[in-house]
Amino acid sequence: MKILIAEDDASSRLVLGATLRKLGHAVTAVADGRSALAAWQQGEHVLLISDWMMPDMDGLELCRMVRAAPRLQYTYIILLTARSGKGSYLEGMGAGADDLITKPFDAEHLAARLHVAQRILALHETLRFQAMHDHLTGLWNRGMIMGTLQEELARAARDGSCIGVILADLDHFKRINDTYGHLSGDTVLQETARRMHHALRTYDRIGRYGGEEFLIIASGGERSDVHSVAERIRDRVAETPVQTAAGAIIVTVSLGLAITRMGGRDDAVTVIAAADAALYCAKKERNRVHV
Ligand code: GH3
Ligand code: MG
Ligand code: MG
Ligand code: MG
Ligand code: MG
């Protein structure tokens, strides 16, 4: 783990750092609360071990600052203190600490507490991943791609730039399910999602918008570039049949494309409605891109 230590006492800081390194962790050690907060804001540390008593910003205030900051990744906080007793415990935990260890610390005791921290952080990461991704395809889920679209629209409005939005819908997917079964339908969704993802450029984003519909945010917003991305997706999906347990299935996708107005303030609903209208036109022929 990447551990951040805040401890004003130099020798304690050295001993703690050495102990943690011996346990295999990467350690950043600072001598006060403000430096700790600044280091934490870099976003690399998932575990913070802080001394309680420090000049200027103490451990409790540091705890409160970390807890008040908006960050999706959880930070596990262990407070170190020479003070024991119920009052200190309640105060420390009340400030947002996850655990409290009395000084001088025992190395084995600390290692055991770190295992608890690791378990909780791993669980948190699993839940966070699941909250962001679609279980079947592994792509971003609807919430993530919509949130990203809103951020990108806000950014485009600030920059006076535009972005491209592509709505992709598998053709006759109901028929695939009916003919080959739902499980093979799932395999088709997984493989199609993988192909679409691979057809993107570095800064393009894709998410599962609904059942067999996908939303792509194309960076740049140059119409011909966005069109190329959509054509490449269409091509990669149709190129070779998808192998499933029920046999090889030919799959095609139709795509509707919309570009936001340069420097405009289009909202997500408007842009998606435009892409959806284009998709409706593409569906008249299928296996097609429509602007
Ligand atoms: P069109 O070409 O007009 O898009 O026709 P379509 O059959 O693809 O469209 P329709 O909206 O009628 O059907 C979509 C189907 O997608 C219906 C639904 O059961 C299926 N579907 C949605 N989610 C999943 C899924 O996770 N797995 C499987 N196997 N099927 C799904
Ligand atoms: Mg101190
Ligand atoms: Mg559909
Ligand atoms: Mg469909
Ligand atoms: Mg339909």
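Residues numbered from 1 in each chain as written. Chains lettered and ligands numbered in written order. Predicted model: local features only at pLDDT ≥ 70, side-chain atom pairs only at ≥ 80, totals over all residues.

Asks: It is not clear to me how the site of ligand 1 should be interpreted in this structure. Could you clarify?
Replies: What surrounds ligand 1 is a group of 17 residues, the closest being Asp171, Phe173, Lys174, Gly185 and Gly211. Elements with a minimum of two residues in the shell around ligand 1: β6 (164-170), α7 (173-180) and α8 (182-198). For the shell around ligand 1, the residue count by class is four nonpolar, five polar and eight charged. (Near = placed C-beta within 6 Å. Helix = DSSP H or I, 4+ residues; strand = E, 2+ residues; numbered from the N terminus. Nonpolar A, V, L, I, M, F, W, Y, C, P; charged D, E, K, R; others polar.)

Asks: Would you mind going over unusual backbone geometry with me for this structure?
Replies: Both trends apply: most residues other than glycine have a negative phi, and most peptide bonds are in trans. For the peptide bond that leads from Lys103 to Pro104, omega is -5 degrees, which places it in the cis range. Not every positive phi belongs to a glycine, and His172 is a case in point at roughly 45 degrees. As for its position among the elements, His172 is in the loop between β6 and α7. Here Asn287, not a glycine, exhibits a phi torsion of approximately 50 degrees, which is positive. As for its placement among the helices and strands, Asn287 is situated in the loop between α10 (268-282) and β12 (289-290). For Asn287, a count of 16 C-beta atoms within 10 Å puts it in the partly exposed group. (Buried ≥ 20, exposed ≤ 12 C-beta atoms within 10 Å, placed from the backbone.)

Asks: Is there a simple way to think about the UniProt feature "modified residue: 4-aspartylphosphate" (unreviewed entry) in the protein in this case?
Replies: According to UniProt, the "modified residue: 4-aspartylphosphate" (unreviewed entry) feature falls on Asp51. Structurally, Asp51 is set in strand β3 (residues 47-51). (UniProt positions renumbered as here; feature names shortened; annotations may be inferred.)

Asks: Mind showing me how you'd approach the environment of Thr244 here?
Replies: Looking at the element boundaries, Thr244 is found in strand β9 (residues 242-244). Sequence separation between Thr244 and Leu215 is 29 residues; the distance between their C-alpha atoms is 24 Å. In this structure, Thr244 is in contact with Tyr180, Ser184, Thr187, Val188 and Ile249, ignoring residues within four places of it in sequence. (Contact = placed C-beta atoms within 7 Å.)

Asks: Mind showing me how you'd approach the packing of helix α2 (residues 33-40) against helix α3 (residues 59-68) here?
Replies: Helix-helix packing: each pair is described by the crossing angle between the helix axes and the interaxial distance. Here α2 crosses α3 at 25 degrees, and the two axes come no closer than 9 Å. With respect to α3, the axis of α2 lies roughly parallel. In the crossing of α2 with α3, the sense of the turn from one axis to the other is right-handed. For the pair formed by α2 and α3, the contact residues are Gly33, Ala36, Leu37 and Trp40 on the first element and Gly59, Glu61, Leu62, Met65 and Val66 on the second. Of the residues assigned to the contact of α2 with α3, the class counts are six nonpolar, two polar and one charged. (Axes fitted to C-alpha atoms, helices over the stretch in contact; angles between N-to-C directions. Parallel < 35°, antiparallel > 145°, perpendicular 65-115°, else oblique. Left-handed = near helix turned anticlockwise from the far one by under 90°.)

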